[in-house]
Amino acid sequence: MTELFGPAIDRDSSDSIKWKRYADRDIIPMWVADMDFQVPQEIRDAIKRRIDHGVLGYGSDSADWRQSIVEHCKYHYRWEVQPAWIVPTPGVVKGLNIARALSAQRGKSAGITTLPVYPHLRFHSPILEFADRGFNTLLDNGVWKLDLDDMQANITADVGVMLFCNPHNPIGKVYDREELLALADVCEKQDLLICSDEIHCDLILNGKQHIPIASLSPEISRRTITLMAPSKTFNIAGLDAAFAIIEDPDLRQRYAKLQYGLVGHVNILGTVAAAAAFQTGEPWRQDLIAYLRENQRIIAERVGTIAGMSMIPSEATFLAWINISELQLDNAPKFFEANGVGFSPGSDFGDENYVRLNFGCQRDLLVKALDRMELAVRNHRRF
Ligand SMILES: Cc1ncc(COP(=O)(O)O)c(C=O)c1O
């Protein structure tokens with residue numbers, strides 16, 4: 001299995017956003033959420049076959065792609081999705097903004113989300129006239145919990161959509177049935193649209209079951225736009241192969257209409273890759289989960305030995321959310337960069353007491369980054 005995830009592929013000289021940031025500096029990039037692993041062979045073969053067809057004009061989605069999503073949802077989440085409910089969307093972030101635009105169309109120009117959270121749930125696209133509100137996710141005895149009282153207190157009259165992240169980037173939380181029902185109850189009482197970003201749902205590390213919020217009841221499903229993609233799990237984020245699942249025909253039509261002229265046609269290589277991922281990728285995904293689990297165990301063990309740092313292991317994702325508040329650094333990301341590691345700043349997600357470490361990388365690189373992190377903190381402590 002180790003061979004599947006190593007040796008490292010040189011991304012320094014590629015088009016990678018993650019690696020280009022530090023191209024001329026000795027800083028290990030552990031920020032933006034893509035992995036350093038090569039895409040499974042079956043997916044690469046499917047893409048090659050499509051390219052070898054030789055004609056690469058505008059594409060539409062295929063029955064094969066739709067069916068692969070239907071079967072994936074049924075097998076993994078016991079969720080019966082109809083093929084017609086699926087709307088191709090080249091990227092989950094675009095879907096979040098389409099959901100905001102839908103809310104604005106209904107006269108509600110604000111959204112609410114759980115904090116801390118992935119920046120595109122916190123902040124709308126500048127193309128929209130919109131307002132962003134947040135409510136807290138709290139740590140209670142080492143367990144993250146939604147503060148629904150804070151949510152209710154922040155639902156002003158202009159809020160029309162709840163932007164939800166499950167599994168939750170960056171805290172790595174996988175919400176259970178009771179928590180989802182309680183959240184949906186607030187959304188029903190306040191008549192909010194739910195836009196549920198479930199892009200990390202196939203990356204559960206602790207064996208919990210992912211529950212799409214829309215699968216809980218027909219009433220919840222009717223007000224929900226679920227955004228999913230194989231991009232994080234199979235490392236194909238550069239192919240823009242996301243999709244929305246929307247049961248309500250009116251909501252779906254309006255969503256599709258709003259996309260028109262803004263987000264373009266589907267990426268033909270993306271749909272081919274997505275279908276291949278869902279149809280053939282399961283053994284690779286299982287190996288990936290085992291590899292990531294071990295990476296996270298190594299991080300937790302190391303962080304546990306460093307005074308001033310702490311973390312609650314993520315239930316899902318390849319992202320570790322590390323509390324560095326006790327180190328009292330003036331600028332944590334810059335401090336770690338100066339010591340050779342590039343983390344995502346916690347402030348991007350709404351909490352500067354943390355940094356986010358992307359552990360979707362080969363183990364030797366991870367250990368090297370952890371060594372640098374530890375040395376930096378120990379030296380800092382000496383002064
Ligand atoms: C929660 C979440 N949503 C969306 C995205 C980005 O999705 P896309 O590249 O499909 O726009 C990311 C990427 O890190 C993410 O973590």
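To keep things clear, this report deals only with the structure shown in the data block. Along each chain, residues carry numbers from 1 onward, in the same order as the chain's sequence is written. Restriction of local features to residues with pLDDT of at least 70 applies here, the model being predicted, together with a cutoff of 80 or more for giving and counting side-chain atom pairs; totals for whole chains, interfaces and linings are based on all residues. Hydrogens and water are ignored here; the side-chain numbers use all heavy atoms of the structure.

## Section: the overall build of the chain
To keep it simple, the criterion reads: A run of H or I in DSSP becomes a helix once it reaches four residues, and a run of E becomes a strand once it reaches two; helices and strands are each numbered from the N terminus. The atom set for the radius of gyration is the C-alpha atoms, and the globule formula is 2.2 Å times the number of residues raised to the power 0.38. Burial classification: accessible surface area is computed with a 1.4 Å probe over protein chains only, and a residue below 20% of its type maximum counts as buried, one above 50% as exposed, and the rest as partly exposed. For this analysis, residues touch if any pair of their heavy atoms sits within 4.5 Å. Only the protein chains shown count as cover for residues, and the accessible areas themselves come from Shrake-Rupley with a 1.4 Å probe. Counting rule applied: Lys, Arg positive; Asp, Glu negative; His and chain ends not counted. Where a charge lies is defined by one atom per residue type, namely NZ (Lys), CZ (Arg), CG (Asp) and CD (Glu).
A tally of helices and strands in the chain yields 13 helices and 14 strands. Here the C-alpha radius of gyration of the chain, 21 Å, is about what a compact globule of 383 residues would show, namely 21 Å. Projected onto its principal axes, the C-alpha positions of the chain cover 60 × 55 × 35 Å. The proportion of buried residues among the 383 residues of the chain is 56%. Contacts in the chain between residues at least 24 apart in sequence constitute 73% of all its contacts with a sequence separation of at least 6. Here the chain has roughly 16900 Å² of accessible surface; of this, 50% comes from carbon and sulfur atoms. Separation between the mean location of the 41 positive side-chain charges and that of the 50 negative ones in the chain comes to 1 Å.

## Some words on the sheet that holds strand β11 (residues 319–323)
Which entries qualify depends on this criterion: By this definition, two strands are paired if DSSP reports at least two bridges between them.
With respect to topology, four strands assemble into an open sheet ordered β10-β11-β14-β13, the strand pairing being antiparallel. In this open sheet, the two edge strands, each paired with only one partner strand, are β10 (310–311) and β13 (344–345). Bridge analysis of β11 against strand β14 (residues 354–358) gives five bridges, and the strand direction is antiparallel. Pairing of L319 across the sheet is with N358, part of β14.

## Brief notes about helix α11 (residues 282–304)
Where we set the bar: Multiplying one less than the number of residues by 1.5 Å gives the expected span of a helix.
Here α11 is 23 residues long and its end C-alpha atoms lie 33 Å apart, about the 33 Å a rise of 1.5 Å per residue gives. Taken together, the buried positions of α11 are W284, R285, L288, I289, Y291, L292, N295, Q296, I298, I299, R302 and V303.

## Some words on the site of the ligand
Selection criterion: In this text, near means that some heavy atom of the residue lies within 4 Å of the molecule or strand in question. N or O atoms closer than or at 3.5 Å make up a polar contact, with two conditions inside protein: a donor-capable atom paired with an acceptor-capable one, and, for residues adjacent in sequence, both atoms drawn from side chains.
Lining the immediate environment of the ligand, one finds A33, G91, V92, V93, Y118, C165, N169, D197, I199, H200 and K232. For the ligand, an oxygen atom lies 2.8 Å from a polar atom in the backbone of V92. The contact in question runs from a nitrogen atom of the ligand to an N or O atom on the side chain of D197, over 2.5 Å. Contact with the protein chains hides 88% of the accessible area of the ligand, taken as 400 Å² for the molecule alone.

## Section: the packing of aromatic side chains
Here is the rule we go by: For this analysis, a ring pair means two rings from Phe, Tyr or Trp (six-membered ring only for Trp) whose centres lie within 6.5 Å, classed as stacked if their planes differ by under 30 degrees, edge-to-face if by over 60, and tilted for the remaining angles. The criterion for a charge sitting over a ring is simple: Lys NZ or Arg CZ within 6 Å of the ring centre, and within 35 degrees of the ring normal.
The full count for this structure, using the stated rule, is 13 aromatic pairs. Seen in terms of ring centroids, F37 and Y291 are 5.5 Å apart; in terms of plane orientation they differ by 85°. Their pairing is edge-to-face. Linking F37 in the loop between β1 (28–29) and α2 (41–53) with Y291 in helix α11, this pair joins segments that are 254 residues apart in sequence. Note on Y291: relative accessible area 4%, which makes it buried. Judged by centre distance (5.1 Å) and plane angle (65°), the rings of F336 and F343 are edge-to-face. A single burial state applies to F336 and to F343, both of which are buried. Every member of this aromatic cluster is reached through a ring pair, and the members are F5, F37, F234, W284 and Y291. Across the ring face of Y291, the terminal group of R363 is positioned such that the distance to the ring centre comes to 4.0 Å.

## Overview of the pairing of strand β9 (residues 242–245)
Taking every second residue as pointing to the same face, both faces of β9 are buried, with A242 and A244 on one and F243 and I245 on the other. Note that strand β2 (residues 86–89) and β9 share four bridges and pair antiparallel. Bridged to I86 within β9 is I245. When strand β8 (residues 224–228) meets β9, the two strands line up antiparallel, connected through three bridges. Note on β9: the bridge partner recorded for L227 is A244.

## Details of unusual backbone geometry
In this structure, the amide linkage connecting G6 to the following residue, P7, adopts the cis form with an omega of -5°. Mapped onto the secondary structure, P7 falls in the segment before α1 (17–20). In this structure, P170 follows N169 across a cis peptide bond, with omega equal to 20°. As for its position among the elements, P170 is in the loop between β6 (159–165) and α7 (177–189). Located in the positive-phi region is N235, a residue other than glycine, with phi close to 60°. Tracing the chain through its elements places N235 in the loop between β8 and β9. Despite not being glycine, Q328 has its phi angle at roughly 50°, a positive value.

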